[in-house]
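Observations on chain architecture
Residues per chain, in single letters:
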Amino acid sequence: AGAVGLYNLGQSCCLNSLLQVFLMNIHFTGILRRITVPPCAVQRRSNVPYQMLLLLEEMQCGKHKAVRPTELACCLSGHRVELFVQHDAAQLFLHLWNLIKKQMKNLELVEELSDLYTICIQEHLACQNCSFEIKHNSSMLTLPLPVLDSNSHRLKTLEDCVQNFFHPEELTGQNMCFCQQCGRKTPFLQSMKVVHLPHTLTIHLKRFCFEKSSCMHKLSHYLPFPRDLDFSGVLTEDQCQADDNEKATWQYGLYAVVAHSGSTSFGHYCAYIQSLTECKWYCFNDSEVCQVSWDDVKCTYGNSSLHWGETAYLLIYMRKHPQ
């Protein structure tokens, strides 16, 4: 079965793009195929993983060039995923993932799903007057990278965005924190360190931003991203809380790009995905699927003069040497 499209049910391009990114990922579908089928019809209709599995099977039976994800969309609408409205791909991705995870009854599968997608970060606060520090581990589904630095200057490459995100920040003046050891508010250094990166790493380029007028607008400037990304080469020693075995798994290859064209209020999503079985790139534009080249994917780097042009919004990287 080749790559199969999904018909647009009415402003469902965002959902369609994300479904393709999930269902073309053989590591995800490997988990999906092992779910427990809900016993009664009512439960089956409202179970997101089960409806995704049915859709996957329909796509793989090889009879159609595109299928309608109607039952899944109806199921999602019962879980507060609105239909026929504009969605933000990063928010919808998080919402879908949480629904899938919540509705998987098998704890072993839930853990595998978490391992597949979850990033673990250590947040670190250190008093600049004494030795007092606070460490806190947190997990994230996506790495939300600003595309501008703290002075609102455009960052030039994806690697710059990663370095900027993990750059320590001095909390001074109004931002000072209370230090338990000093007994007063003092300047702190706030930093983030990577503890663990998952097999499938999702990066969210924060191209939609609020201006001072509190009006949302899109940053569509040129921002290249590599096909191959070595995280241990991008981050400094101070930005990692990981041993060499962990770092050895930080070699990634690009698997998919969810791209947005248009403006913030009126836009369209499509997905560029590299088939893991054939190593060819495809563009999934709702029901239309065509093979594309890496140069076509590079067109999503963005261009300031083309505000309506297509820009990468989510980048999904996959580990090259899974342990």
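Below or above, wherever it landed, is the structure these notes cover. (Residues numbered from 1 in each chain as written. Predicted model: local features only at pLDDT ≥ 70, side-chain atom pairs only at ≥ 80, totals over all residues. Heavy atoms only, no water.)

**A short note on the pattern of salt bridges**
A side chain of one charge can pair with a side chain of the opposite charge when the charged atoms of the two come close. Our working definition: Basic side-chain nitrogens of Lys or Arg form a salt bridge, by our definition, when they fall within 4 Å of a carboxyl oxygen of Asp or Glu. Per-residue accessibility, obtained with a 1.4 Å probe over protein chains only, is compared with the maximum for each type, and a residue is labelled buried under 20%, exposed over 50%, and partly exposed between these values.
Counted according to the given criterion, the structure contains six salt bridges. Here Glu133 and Lys135 are joined by a salt bridge, their closest N and O atoms 3.8 Å apart. When its relative accessible area of 40% is taken as the criterion, Glu133 is described as partly exposed. Judged by its relative accessible area of 49%, Lys135 falls in the partly exposed class.

**Side note on the state of the cysteines**
The line we're drawing: Here, a disulfide means two cysteine sulfur atoms that sit within 2.5 Å of each other.
Applying the stated criterion across every chain, the model contains zero disulfides. Summary of cysteine pairing: Cys14 is not part of a disulfide, and the nearest cysteine sulfur, belonging to Cys13, is at 6.4 Å. Accessibility expressed as a relative area gives 3% for Cys14, which makes it buried. Cys130 forms no disulfide, and the closest cysteine sulfur to it belongs to Cys179, at a distance of 3.6 Å. Relative accessible area serves as the criterion here: at 25%, Cys130 is assigned to the partly exposed category.

**Concerning unusual backbone geometry**
Threshold: Secondary structure elements follow DSSP: runs of H or I no shorter than four residues count as helices, runs of E no shorter than two count as strands, and numbering proceeds from the N terminus.
The phi torsion at Gln11 lies on the positive side, around 55 degrees, for a residue other than glycine. Despite not being glycine, Phe84 has its phi angle at roughly 60 degrees, a positive value. Assignment of secondary structure puts Phe84 in the loop between helix H5 (70-77) and helix H6 (89-103). On the basis of relative accessibility, which here comes to 55%, the residue Phe84 falls in the exposed class.

**Focus on the nonpolar core**
For clarity, the threshold we go by: Side-chain atoms within 4.5 Å link the members of a nonpolar core, which is a set of buried Ala, Val, Leu, Ile, Met, Phe, Trp, Tyr and Cys residues. In what follows, a contact means two residues having at least one pair of non-hydrogen atoms within 4.5 Å.
Ranked by internal contacts, the top residues of the largest apolar core, which has 55 residues, are Phe22, Phe28, Met52, Met104, Tyr117 and Leu314. Beyond its immediate stretch of four places on either side in the chain, Phe22 contacts Phe28, Thr29, Met52, Phe93, Leu96, Trp97, Ile100 and Tyr117. One finds Phe166, Leu205, Leu235 and Leu254 within the second-largest nonpolar core, a separate group that totals 43 residues.

**Things to note about the packing of helix H1 (residues 13-23) against H6**
To be explicit about the condition: Axis angles are defined between N-to-C directions and span 0 to 180 degrees, where every axis is a line fitted to C-alpha atoms and, for a helix, only to the segment in contact. Working rule for angles: under 35 degrees goes down as roughly parallel, over 145 as roughly antiparallel, 65 to 115 as roughly perpendicular, anything else as oblique. Each helix crossing is assigned a hand: it is left-handed if the near helix lies turned anticlockwise from the far helix by less than a right angle, otherwise right-handed if that turn is clockwise.
Interhelical geometry of H1 versus H6 gives an angle of 55 degrees and a closest axis separation of 10 Å. Judged by the angle between their axes, H1 and H6 are oblique. You can see that H1 and H6 cross each other, and the crossing is right-handed. Facing Cys14, Leu15, Leu18 and Phe22 of H1, the residues of H6 in contact are Ala89, Leu92, Phe93, Leu96, Trp97 and Ile100.

**Some words on the environment of Leu155**
Tracing the chain through its elements places Leu155 in the loop between strand E5 (142-146) and helix H8 (158-165). When near neighbours in sequence (up to four residues on either side) are disregarded, Leu155 contacts Pro146, Val147, Leu148, Asp149, Asp160, Cys161, Asn164, His221 and Leu223.

**Focus on the pairing of strand E14 (residues 251-262)**
What counts, and what does not: Two strands pair under a simple rule: DSSP has to find at least two bridges between them.
With respect to burial, E14 is a largely interior element, eleven of its twelve residues being buried. Examined bridge by bridge, strand E13 (residues 228-230) and E14 share three bridges and lie antiparallel to one another. Within the sheet, the bridge partner assigned to Asp230 lies in E14 and is Gln251. With seven bridges connecting them, E14 and strand E15 (residues 267-274) associate as antiparallel partners. Its bridge partner being in E15, Ala259 is matched across the sheet by Cys270. The antiparallel hairpin formed by E14 and E15 contains four residues in its connecting segment.

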